[in-house]
Amino acid sequence: SMDADAFRRVFPKQFYSAFLNKDTRPDGRALHRGRKTALNAGTITTADGSAMVRLGETAVVAGVKVEPVVPKDESLGEG
């Protein structure tokens, strides 16, 4: 007998089709239900702007550091 993780890797189409036929996802959520979501702004104290977003077990962190400068007259329009 094959365990669920091995079956998912060997037969991914059949694995996911079994859940879709029951209107559910492998983690037990209904198809229309999203993952638990959280957003925290200002998570990196040394950045000028930052945020962390969590969607279920996935986390993403982004930060921005800005150094405003006045461009030299000869380099205007170069970026």
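Right above here is the structure, for reference.
Since this is a predicted model, take the numbers as computed values, not measurements. Residue indices begin from 1 for each chain and proceed along its sequence in written order. Per-residue local features of the predicted model are confined to residues with pLDDT of at least 70, and side-chain atom pairs are confined, for both listing and counting, to 80 or more; whole-chain, interface and lining totals are unaffected and use all residues. Note: side-chain values were computed over all heavy atoms of the structure, leaving out hydrogens and water.

Here we come to the overall build of the chain. Looking only at helices and strands, one finds two helices and three strands in the chain. Working definition: helices are DSSP H or I runs of at least four residues, strands are E runs of at least two. Numbering for both runs from the N terminus. The order of helices and strands in the chain, counted from the N terminus, is α-α-β-β-β. For 79 residues, the compact-globule estimate of 2.2 N^0.38 gives 12 Å, and the chain exceeds it by more than 25% at 23 Å. Seen through its C-alpha atoms, the chain measures out along the principal axes to roughly 70 × 25 × 25 Å. Remark: exposure states derive from per-residue accessible area (1.4 Å probe, protein chains only) relative to the maximum for the residue type, with buried under 20%, exposed over 50%, and partly exposed in between. Looking at the chain as a whole, 8% of its 79 residues qualify as buried. Only heavy atoms matter for contacts: two residues are in contact if any of them lie within 4.5 Å across the pair. Partitioning the intrachain contacts of the chain with sequence separation of at least 6 by distance along the chain shows that 0% fall at a separation of at least 24. Areas reported as accessible are Shrake-Rupley estimates using a 1.4 Å probe. Residue values count occlusion only from the protein chains shown. Here the chain has roughly 6900 Å² of accessible surface; of this, 55% comes from carbon and sulfur atoms. Only four residue types enter the tally: Lys and Arg on the positive side, Asp and Glu on the negative side; His and the chain ends are excluded. A single reference atom marks each charge: NZ on Lys, CZ on Arg, CG on Asp, CD on Glu. When the 12 basic and 10 acidic side-chain charges of the chain are each reduced to a single mean position, those positions are 14 Å apart. Here the globule rule is a power law, 2.2 Å times the number of residues to the power 0.38, and the radius of gyration is based on C-alpha atoms.

Turning to its location among the elements, Ser50 is positioned in strand S2 (residues 49-55). Assessed through its relative accessible area of 14%, Ser50 is described here as buried. Within the local environment of Ser50, its side chain forms a polar contact with the backbone nitrogen of Thr43, the two atoms lying 3.0 Å apart. Residues contacting Ser50, with those up to four places away along its chain left out, are Asn40, Ala41, Gly42, Thr43, Ile44, Ala62 and Gly63. We call two N or O atoms a polar contact when they sit within 3.5 Å, provided that within protein one can donate a hydrogen and the other can accept it, with sequence-adjacent residues counted only if both atoms are side-chain atoms.

What follows is about the pairing of S2. Every other side chain in a regular strand lies on the same face of the sheet, so the side chains alternate between the two faces. Only when DSSP finds a minimum of two bridges between them are two strands counted as paired. Strand direction decides the pairing type here: strand S1 (residues 37-41) and S2, joined by five bridges, are antiparallel. If you follow Ala38 over to S2, its bridge partner there is Arg54. As paired strands, S2 and strand S3 (residues 58-64) are joined by seven bridges and run antiparallel to one another. Bridged to Met52 within S3 is Val61. What sits between the antiparallel neighbours S2 and S3 is a turn of two residues, in which Gly56 has the positive phi angle 65°.

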